[in-house]
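The primary structure of each chain is shown beneath.
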Amino acid sequence: MTQWVRYGAKNVIGAVWLVLLSLTSHALDVDVVIGEPVSIQYDASTAARPLFSGCSPITVPPANADFEQQVVEQVNDHRASIGRPRLKRVASLDLAARYHAHDMRDDDYFAHTSYDRVNGQLVVACSTRQRIEGFYPNWNWIGENIAAGYFTPSEVMEGWLDSPGHRSNIEFAEFWEIGVGYAAGGSYYHYWVQNFGRRQDVYPLVIQREYSRTATPTVSVFIYGNWQQMRLRNDDGPWGTWQPFSNSFTWTLNWIQGVRQVCAELQSGSQTTTSCDTIELTTGGPVLSAQPAQVNFVYVLATGQRFPQSAPLLVTNAGSNQALNWQVGTSPPWLTVTPSSGSTPYPNVQLSLQMSQVPSAPGSYTGTLKLNATNASTTATVNVRLRVVNSLPHHRFMPAVRR
């Protein structure tokens, strides 16, 4: 399959070279020529920093993970506004972009080509293609936008979208994946890199425009490719039934607070692949809970004693902050609950024996206490065990003898 690379300063038929430079002085009195590599006086104070040598892939942790994520979300918001599919954020492109942002800062240059600084002079280390390929092999398309001097994700996105070449990379329909890198400090204070790509035989699934979190379990899903059928699942649950393939649809996550996953198994003839994505769900559905979930009673026929006299229950909404109104459902006739209704959180529901209904024959009896929420579809269950005995064993005590 023919491979394409999308970077550079001009269009060439057969291979698109379209990565442009974008900078702003941004009240920092930094003069930059757009579209040309930047030559800057070497600052000896940077020598104490670890400098990347060559272009061997190195894992660089994020300097500001929130900044990087905001750029991804704003890219996909823009693509959605013009009817383009959303890009999937992938770690390999993040690493490629992050490496270049930090390398430009540490070696004090601004260009798509990667440089090392040797004896104060910039020396070419590798091309844009070689650098990205080291992190992101088996690609069909790759591209890059870089910028420096912009203070915030919104500002750098505005700068890129104001530049036709940068906008073209952001909007390019053949790109399916994205990575973002940010580095603080250096001559321009802020360095930004976007890497775009598409890999062979990779069909990304994107939840909710690749936002990092959602407050609602109902989300949008986009899947790349053209398949005959698909089946879906939440988290590690069972697969749903096979259905006709659709690139874009609405899906409901498991309404449990935390990181949720959606996977799709895709099929056309003998070709099958699986694609997944995750998103943090910041809310949970209402879950009526009563603790402890197991209560044990003993009733002595000979003395009429019961142990314990009563058992306290804590009734809460374990899934969200919503106040749940609840009432006691069916319960064994020998069990009584006070109060029989209330609202969460309720810390002192008392379970005790209904003495007139306690079985008169020795044995073990079980029952289930059910609490039903009246303003949501959720219930709580407490398992109850009653042991009826004729009498308790007599206890004998022997004196301790010390010699």
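With respect to the sheet that holds strand β27 (residues 346-353)
The antiparallel open sheet is built from four strands, whose spatial order is β20-β23-β27-β25. Two strands bound the open sheet, and with one partner strand each, they are β20 (288-291) and β25 (335-338). Each adjacent strand pair in this sheet contributes to an overall mean axis angle of 30°, direction not counted. In terms of strand pairing, β25 meets β27 through four bridges, oriented antiparallel. Bridge pairing in β27 links Leu 335 to Leu 353.

Overview of the state of the cysteines
This structure, assessed with the given rule, holds two disulfides. Bridging Cys 55 to Cys 126, the disulfide has an S-S length of 1.7 Å. Because the torsion about its S-S bond is -80°, the bridge between Cys 55 and Cys 126 counts as left-handed. With a gap of 71 residues between them, Cys 55 in the loop between β4 (38-39) and α1 (65-81) and Cys 126 in strand β8 (residues 121-126) connect regions that are remote in the sequence. Overall, Cys 55 belongs to the buried group, its relative accessible area being 14%. Here Cys 263 pairs with Cys 276 through a disulfide, and the sulfurs are 2.0 Å apart. Between Cys 263 and Cys 276 the disulfide shows an S-S torsion of about 110°. By sign, it is right-handed.

What about the pattern of salt bridges?
Here the structure, examined in full by the defined rule, presents 13 salt bridges. For Glu 68, the salt bridge identified is with Arg 98, shortest N-O distance 2.8 Å. With Glu 68 in helix α1 and Arg 98 in helix α2 (residues 91-107), this residue pair connects regions lying 30 residues apart in the sequence. Accessibility classification places Glu 68 together with Arg 98 in one group, the buried group. We note a salt bridge from Arg 199 to Glu 177, for which the minimum N-O separation is 2.7 Å. Of this pair, Arg 199 sits in strand β11 (residues 190-199) while Glu 177 sits in strand β10 (residues 177-184); the two residues are 22 residues apart in sequence, bridging distant segments of the chain. Since its relative accessible area comes to 23%, Arg 199 is described here as partly exposed.

With respect to the packing of aromatic side chains
The tally for this structure, following the rule as stated, stands at 15 aromatic pairs. Residues Phe 222 and Tyr 224 carry aromatic rings whose centres are separated by 4.9 Å and whose planes lie at 75° to one another, so their mutual orientation is edge-to-face. In terms of burial, Phe 222 and Tyr 224 fall into one category: buried. Three or more aromatic residues joined by ring pairs make a cluster, and in this case those are Trp 176, Tyr 203, Phe 222, Tyr 224 and Trp 227. For Arg 198, the ring lying beneath its charged end belongs to Trp 176, and the centroid distance is 3.8 Å.

Section: the confidence of the model for the protein
Taken residue by residue, the protein gives an average pLDDT of 85. The fraction at 70 or more is 85%. Residue range residues 7-50 is modelled with pLDDT below 50. Its contacts to residues more than four positions away, or to other chains, number 107 contacts.

Comments concerning the packing of α2 against helix α3 (residues 128-135)
Relative orientation of the contacting elements α2 and α3 amounts to 135°, with a least axis distance of 8 Å. Here α2 lies oblique to α3, going by the angle between them. The two elements α2 and α3 meet at a crossing, and its hand is right-handed. On the side of α2, the interface is formed by Ser 92, Leu 93, Leu 95, Ala 96, Tyr 99 and His 100, while α3 contributes Arg 131, Ile 132 and Phe 135. Partitioned by chemical class, the residues of the contact of α2 with α3 number six nonpolar, two polar and one charged.

A look at the environment of Thr 241
Mapping Thr 241 onto the fold places it in the loop between β15 (229-234) and β16 (243-244). The spatial distance from the C-alpha of Thr 241 to the C-alpha of Met 230 is 8.3 Å, given a sequence separation of eleven residues. Here Thr 241 is in contact with Met 230 and Arg 231, once residues within four sequence places are set aside.

Structural notes on the packing of helix α4 (residues 153-161) against helix α5 (residues 164-171)
Across the interface, α4 lies against α5 with an axial gap of 6 Å and an inter-helix angle of 105°. Classified by the angle their axes make, α4 and α5 are roughly perpendicular. Contacts from Met 157, Trp 160 and Leu 161 in α4 reach His 166, Arg 167 and Ile 170 in α5. Among the residues forming the contact of α4 with α5, the class breakdown is four nonpolar, one polar and one charged.

Regarding the sheet that holds β16
Pairing is mixed in the open sheet, where five strands are placed in the order β13-β19-β18-β15-β16. Each edge of the open sheet is held by one strand with a lone partner, namely β13 (213-214) and β16. Relative to β16, β15 runs antiparallel, the two sharing two bridges. Within β16, the residue paired with Gln 229 across the bridge is Pro 244.

The rules behind these values
Residues numbered from 1 in each chain as written. Predicted model: local features only at pLDDT ≥ 70, side-chain atom pairs only at ≥ 80, totals over all residues. Heavy atoms only, no water. Pairing = 2+ DSSP bridges. Helix = DSSP H or I, 4+ residues; strand = E, 2+ residues; numbered from the N terminus. Axes fitted to C-alpha atoms, helices over the stretch in contact; angles between N-to-C directions. Disulfide = S-S within 2.5 Å. Buried < 20%, exposed > 50% of the residue type's maximum accessible area, 1.4 Å probe, protein only. Salt bridge = Lys/Arg side-chain N within 4 Å of Asp/Glu carboxyl O. Phe/Tyr/Trp six-rings, centres within 6.5 Å; stacked < 30°, edge-to-face > 60°. Lys NZ or Arg CZ within 6 Å of the ring centre and 35° of its normal. pLDDT = per-residue confidence, 0-100. Contact = heavy atoms within 4.5 Å. Parallel < 35°, antiparallel > 145°, perpendicular 65-115°, else oblique. Left-handed = near helix turned anticlockwise from the far one by under 90°. Nonpolar A, V, L, I, M, F, W, Y, C, P; charged D, E, K, R; others polar.

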